[in-house]
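# Fold and contact review
Below, each chain spelled out in residue letters.
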Amino acid sequence: MPPPVKLAIIGGGPSAFYVASRLLSLLPLKDPMSPPLRVHMYDRLWAPHGLVRYGVAPDHPEVKNCTNKFDTTATDPRFRFFGNVNVGSTPLHSIPHALHLPLTSILNNYSHLLFATGCTMPTLHPAIPPSVYCIPALSLVHWYTQHPSQPPPPALDKISHLTLIGQGNVSLDIARILLTSSSVLRQYDVPEHVLEVLSRSTVKHVSIVGRRGPLEAAFTTKELREMINLPEASMVPIEPTLLTPPSGVTLTRQQRRTLELLQKGSKNRPGSTPKSWSLHFYRSPASLTLPSSASALDMANLTLAHTCLDPATHRAVSTGETSTLLTSLVVTSLGFHADPETTFFDPALRHLRSSAGRITSSDGSALKNMYASGWAANGAKGVLASTMIDAYAVAGTILSDIAPSSEAVTAAAPPPPEMEMAPDELLDCRPDLDALPPEIVHGIKDGMVTQYDDWKVIDAEEVRRGGALGKERERMGWDEALSFIALSRARP
Amino acid sequence: MSSFRILRSVRMSAVVRDRPVHLLDHWTRSNSQNLGSLSLRRWLHGSQIQRHGNVTRPDPGTGIKLHFKDSKGKLLKTIEANEGDDILSLAHEHDIDLEGACEGSVACSTCHVVLSPEHYDLLPEPSDDENDMLDMAFGLTDTSRLGCQVHVTREMDEMTATLPSATRNMFVDGKKPTHH
């Protein structure tokens, strides 16, 4: 019988769930060869599923179907979820109600540890720091998903022109939400208070700025096609020379299809719709001059440096020219990085220091029984499918450590690298399988820690409330969830 | 856990059965066709969820033969299917390790399979939606399709569906040159 395994997973998003799901299914409960196993998942948010709940755009409900699989994983009796728990060295300022759990409490109670903490911080632009006229895209996403960090609602009823910096899918998500009628969005998982603001929106035009060209844009064809097909908006046509690939360049399939879509232009004729959008290639923000008067109706002046691609490095370099764009609000959507407060954060990589799924020390050697997966390990890139494939690979690595003789560990698996125990971060190799850190025991007693059963009660109630309003779901905030859980527990 | 199981089944029925119907009502009242028909079609695809795992197996020797192979070309299983069955549902029915993260609603690329060329040509062209997802699939080939979109016909007898290779480096391989 292999030694017992007690794995703590920090983070409750898709990467965390896919690792848990794979591990639990590769080590079936009923198989006598499976080691005694516990998988305990900790999330700083009170609700599970990370970006699937707090990142996926509301009009993409199909993407959220993966939560059915996560629900199945959570029925495994070896699995537990603890929400509203922030594991780390310092309490979480953005979510004051999250219970603080020092990492040492995890280390003292678990034999294995996986960081699936994601990339929770927006990457800002050095030339245009946040202000009344410049906000990170993440605060808009957190607003329309009712994230526990509770950013203020944008003053959409006071603005006409919005500029997105960055040409990835998050950027297009925001553009699409702003250019779609609230009567269409009403059927989805969009909170009522968000719909109320969207219904009063006076946004007429969205400019989407990128420092490189259409071949380098990070958005996917699916998201671009949705923009092209928007029923109430049209795209400003793009200069044809920008859409001609340089000679000698072999396009990928995605690049070819992107160019075709852009050449065809929007379904609605330019100028035929009340709302419009435009893509600005080879432009990089240089400065943002705020209006002199305090009136919110005044527009800010965004100076854009013109750029071209350095043929050798494929980086954007300035041509020396500039132009200006009058805009009511700039939204930076330049990607995400891991929280620098996370243990093993590497400032140069802007995510955790890891190699092939294992946390590494600064000299590059793997730390025994410590793992990282998903965006925390790789940076904020890739769609759900890439997160899943990575998670399955990390589950395979964990499995090769805990059950090397298991059938699932194929002969082809690489031998484990030289590993060392982290001197100050010793995991407990003989943990009490069902014991919890004392902070969690207290948190559960006080009702401050949510478990998966609690989430399912909230989930069902959110769907019920949504149904009554003719929509997919109506979300709860923490205060409401807290009292609803207390009520449901009090019921016989 | 028992209360949780009950809640889960309640929610599933709400999602899988009630919601598409509800949306249908919504869209017959609404005039916005573009986004509507798109969403609606996705939901109808979504309704296929009910069939996952409960594909009816034909009597042995009477069905359409399909071979599943792993990324190295090793035969995993030969199965028999009925006309109209889709490859994702068949894989689930026969415990083939093919994911369906979005449950057949053409919103992910996790059920990507590589088909034998002579059978690939028998299929109708992929939709724009499917092609958009294939753009993001790893190990894409000229005969790649989403398993959820391939419905088996009699003439596809002896077709091979190969699972694509997924490497740990896909975060690098599957991505265009990075920014910065």
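Residues numbered from 1 in each chain as written. Chains lettered and ligands numbered in written order. Predicted model: local features only at pLDDT ≥ 70, side-chain atom pairs only at ≥ 80, totals over all residues. Heavy atoms only, no water.

In the annotation of an unreviewed UniProt entry, the entry for chain B reads Ferredoxin, and the organism field reads Suillus discolor. Quoted verbatim from the Cofactor (unreviewed entry) heading of the UniProt record, the comment on chain B is "[2Fe-2S] cluster". In the Sequence similarities (unreviewed entry) part of its UniProt record, chain B is described as follows: "Belongs to the adrenodoxin/putidaredoxin family." (UniProt positions renumbered as here; feature names shortened; annotations may be inferred.)

Under an unreviewed UniProt entry, chain A has the name NADPH:adrenodoxin oxidoreductase, mitochondrial and belongs to Suillus discolor. On record in UniProt, under Sequence similarities (unreviewed entry), the comment for chain A is "Belongs to the ferredoxin--NADP reductase type 1 family."

All names here are of chain A. Applying the stated criterion across every chain yields a total of 13 aromatic pairs over all chains. Considering the side-chain rings of F17 and F70, the 5.0 Å spacing of their centres and the 20 degrees angle between planes classify their relative orientation as stacked. Within this pair, whereas F17 is found in helix α1 (residues 14-26), its partner F70 is found in helix α3 (residues 66-74), the two being separated by 53 residues in sequence. Each member of the pair, F17 as well as F70, is classed as buried. Geometrically, the ring pair formed by F115 and F344 is edge-to-face, given 5.7 Å between the ring centres and 85 degrees between the ring planes. Pair noted here: F115 is in strand β6 (residues 112-115) and F344 is in the loop between β17 (336-337) and β18 (345-346), with a separation of 229 residues, a long-range link. (Phe/Tyr/Trp six-rings, centres within 6.5 Å; stacked < 30°, edge-to-face > 60°. Helix = DSSP H or I, 4+ residues; strand = E, 2+ residues; numbered from the N terminus. Buried < 20%, exposed > 50% of the residue type's maximum accessible area, 1.4 Å probe, protein only.)

With that settled, consider the UniProt feature "binding site: NADP(+)" (unreviewed entry) in chain A. Residues and elements named next belong to chain A. Following the UniProt record, the feature "binding site: NADP(+)" (unreviewed entry) maps to Q167, G168, N169, V170, R211, R212, E223 and G382 here. Within the element layout of this structure, R212 appears in the loop between β10 (205-209) and α9 (221-228). What makes R212 buried here is its relative accessible area of 5%. As for its placement among the helices and strands, G382 is situated in the loop between α11 (374-378) and α12 (384-402).

When you tally the buried positions in α9(A), you get eight out of eight residues, the bulk of the element. Listing the buried residues of α9(A) in full gives A:T221, A:K222, A:E223, A:L224, A:R225, A:E226, A:M227 and A:I228.

What follows concerns the UniProt feature "binding site: FAD" (unreviewed entry) in chain A. All names here are of chain A. With numbering matched to this structure, UniProt assigns "binding site: FAD" (unreviewed entry) to S15, L51, V87 and W375. Structurally, the position occupied by S15 is in helix α1. On the basis of relative accessibility, which here comes to 7%, the residue S15 falls in the buried class. With residues near it in sequence (within four places) discarded, S15 still touches A116, S373, G374, T387, D390 and A391. Relative to the assigned elements, W375 resides in helix α11. W375 sits in the buried class, given a relative accessible area of 18%. (Contact = heavy atoms within 4.5 Å.)

Here the focus is the confidence of the model for chain B. A low pLDDT means the predicted coordinates there should not be read in detail. Residues and elements named next belong to chain B. Averaged over all residues, the pLDDT of chain B equals 72, while 62% of them reach at least 70. Contacts of residues 1-52 to residues separated by more than four positions or lying in other chains number 84 contacts, the stretch itself having pLDDT below 50. Confidence drops under pLDDT 50 across residues 168-180; counting only partners more than four residues distant or on other chains, this segment forms 34 contacts. Of the two predicted TM-score estimates for the complex, the pTM is 0.88 and the ipTM is 0.87. (pLDDT = per-residue confidence, 0-100.)

Let us look at unusual backbone geometry. Glycine aside, residues mostly have negative phi, and peptide bonds are mostly found in the trans state. Notably, A:N84 is not glycine yet its phi reads approximately 65 degrees, a positive angle. Secondary-structure assignment places A:N84 in the loop between β3 (79-82) and β4 (85-87). By relative accessible area, which is 0% here, A:N84 ends up buried. Of note in this structure, B:V106 is not a glycine but carries a positive phi near 55 degrees.

All names here are of chain A. Following the criterion strictly, the structure yields 34 salt bridges over all chains and no others. A salt bridge links K456 to D71, with the nearest nitrogen and oxygen atoms 2.7 Å apart. With K456 in helix α14 (residues 452-468) and D71 in helix α3, the pair connects residues that are 385 residues apart, well separated along the chain. Judged by relative accessible area, D71 falls into the buried class, the value being 1%. In this structure, the salt-bridge partner of R176 is D173, at a minimum N-O distance of 3.1 Å. Taken together, the residues R176 and D173, both in helix α6 (residues 169-179) and three residues apart, mark about one turn of the helix. Exposure class is identical for R176 and D173. Each is buried. Three or more residues are tied together by salt bridges with common partners; here these are R53, K64, D71, D189, K456, D459, E462, R473 and R475. (Salt bridge = Lys/Arg side-chain N within 4 Å of Asp/Glu carboxyl O.)

For the rest of this paragraph, the subject is the nonpolar core. Residue and element names in this part refer to chain A. Membership of the largest hydrophobic core comes to 57 residues, with the highest contact counts inside it found for I9, Y18 and F79. Considering each element in turn, this core owes the most residues, 10 residues, to α12. Setting aside residues up to four positions removed in sequence, I9 forms contacts with A16, A20, V39, H40, M41, Y42, L114 and A116. One finds V190, L195, L279 and Y282 within the second-largest nonpolar core, a separate group that totals 47 residues. (Core = buried A, V, L, I, M, F, W, Y, C linked by side-chain atoms within 4.5 Å.)

Residues and elements named next belong to chain B. Strand order in the open sheet formed by five strands is β2-β1-β5-β3-β4, and the pairing between neighbours is mixed. Since the sheet does not close on itself, it has two edges, and those belong to β2 (75-81) and β4 (144-146), each with one partner. Taken pair by pair, the neighbouring strands of this sheet meet at an average axis angle of 35 degrees, ignoring direction. Bridge count between strand β1 (residues 64-69) and β2: six bridges; the pairing is antiparallel. Considered in β2, the bridge of H67 is made with T78. (Pairing = 2+ DSSP bridges. Axes fitted to C-alpha atoms, helices over the stretch in contact; angles between N-to-C directions.)

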